[in-house]
Amino acid sequence: MFQLQSKPVIVTLEIDPSDMARFNTLRELYFPAHANYLEAHLTLFYRLPGMEAVIPETLQQFSRRAPITLQVNGIVNFGTGVAYTLHAPKLEVLHRDLQAVFEPWLVRQDRQPLRPHITIQNKVTAFKAAQLHAQLTTTFTPFDITATGFGTWAYLRGPWKALDKFMFQE
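If you're wondering where the values come from, they're calculated on a predicted model, not measured in any experiment.

Engineer: Please explain the pairing of strand β5 (residues 117-121) as it appears in this structure.
Structural biologist: Strand residues, when the strand is regular, have side chains that alternate between the two faces of the sheet. For β5, a buried count of four out of five residues is recorded, marking the element as mostly surrounded by other parts of the structure. Note: strand β4 (residues 82-87) against β5, four bridges, orientation antiparallel. Residue pairing for β5: alanine 83 is matched across the bridge by threonine 119.

Engineer: Before we go on, may I ask you to explain the packing of helix α2 (residues 54-62) against helix α3 (residues 89-102) in this structure?
Structural biologist: The description of two helices packed together rests on the angle between their axes and the distance between the axes. Between α2 and α3, the least distance of the axes is 11 Å, while the angle of their chain directions is 150°. The pairing of α2 with α3 is recorded here as roughly antiparallel in orientation. The crossing of α2 and α3 is right-handed. Here Val54, Ile55, Thr58, Leu59 and Phe62 of α2 lie close against α3, whose contacting residues are Leu94, Asp97, Leu98, Val101 and Phe102. Classifying every residue of the contact of α2 with α3 gives eight nonpolar, one polar and one charged.

Engineer: Which parts of the structure should I look at to understand the pairing of strand β1 (residues 9-15)?
Structural biologist: Counting buried positions over the seven residues of β1 gives seven, a clear majority of the element. Direction of pairing for β1 relative to strand β2 (residues 43-48): antiparallel, over a ladder of three bridges. Considered in β2, the bridge of valine 11 is made with phenylalanine 45.

Engineer: Help me understand the pattern of salt bridges in this model?
Structural biologist: When the charged atoms of two side chains lie near each other, side chains of opposite charge can form a pair. Taken as a whole and assessed by the stated rule, the structure comprises two salt bridges. One salt bridge in this structure joins lysine 165 and glutamate 14, with 3.5 Å as the shortest N-O distance. Taken together, the residues span a long stretch of sequence, with lysine 165 in strand β7 (residues 160-167) and glutamate 14 in strand β1 at a distance of 151 residues. A relative accessible area of 13% places glutamate 14 in the buried class. With a closest N to O distance of 2.8 Å, arginine 111 and glutamate 103 form a salt bridge. Here arginine 111 falls in the partly exposed class, since its relative accessible area comes to 41%.

Criteria and thresholds
- Position numbers for residues count from 1 along each chain, tracking the sequence in the order it is written.
- The predicted nature of this model means local features are confined to residues of pLDDT at least 70 and side-chain atom pairs, given and counted, to a pLDDT of 80 or more, with totals for whole chains, interfaces and linings taken over all residues.
- Heavy atoms throughout the structure, all of them, feed into the side-chain values; hydrogens and water do not.
- The classification of residues rests on relative accessible area computed with a 1.4 Å probe and restricted to protein chains. Under 20% of the type maximum is buried, over 50% is exposed, and intermediate values are partly exposed.
- Helix and strand assignments come from DSSP, with helices taken as H or I runs of at least 4 residues and strands as E runs of at least 2, each series counted from the N terminus.
- Whether two strands pair depends on DSSP finding at least two bridges between them.
- Working convention: axes come from line fits to C-alpha atoms, limited for helices to the stretch in contact. Angles between N-to-C directions cover 0 to 180 degrees.
- Each angle receives one of four descriptions, namely roughly parallel if under 35 degrees, roughly antiparallel if over 145, roughly perpendicular if within 65 to 115, and oblique otherwise.
- Each crossing gets its hand from how the near helix is turned against the far one by less than a right angle, where anticlockwise is left-handed and clockwise is right-handed.
- Contact between two residues is taken to exist if any of their heavy atoms lie within 4.5 Å; hydrogens are not considered.
- The classification used treats Ala, Val, Leu, Ile, Met, Phe, Trp, Tyr, Cys and Pro as nonpolar, Asp, Glu, Lys and Arg as charged, and all other residues, Gly among them, as polar.
- Counted as salt bridges are all cases of a side-chain nitrogen of Lys or Arg within 4 Å of a carboxyl oxygen of Asp or Glu.

This is the structure:
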């Protein structure tokens, strides 16, 4: 159960566990071990205030919907790592609607349009990122995954502490 707290809150998109297993396996293989203290995730908001009751109330309200199908449509090299990109028009609309409610508390990063991705490698050299990107793109075929809800997390300057889940349900 979500409890109001002084720590900033991160909001992620919950993905079906069988879909996330693939990304977690890749993350274990390619993310530097010393920096891999999180499972694979898709972040929606990076820093919301933990003391605002409207945050969990809004997530509960917006979870009253059907699960969302997302298409994993590519792999991107962002210089120091690699991520899978997603084509998700319904998620982008949902994110804009959440941004409108959370507007008073959004930091600059959270005001940006959503560019959904799941990072499987980060904090490596440009050479290593380019190698992995080339390796993965040679056999890549788009595939679908299912979003099942929202997750909330307390940011602890590194690891995150799970707070609550708001699962989609019509």
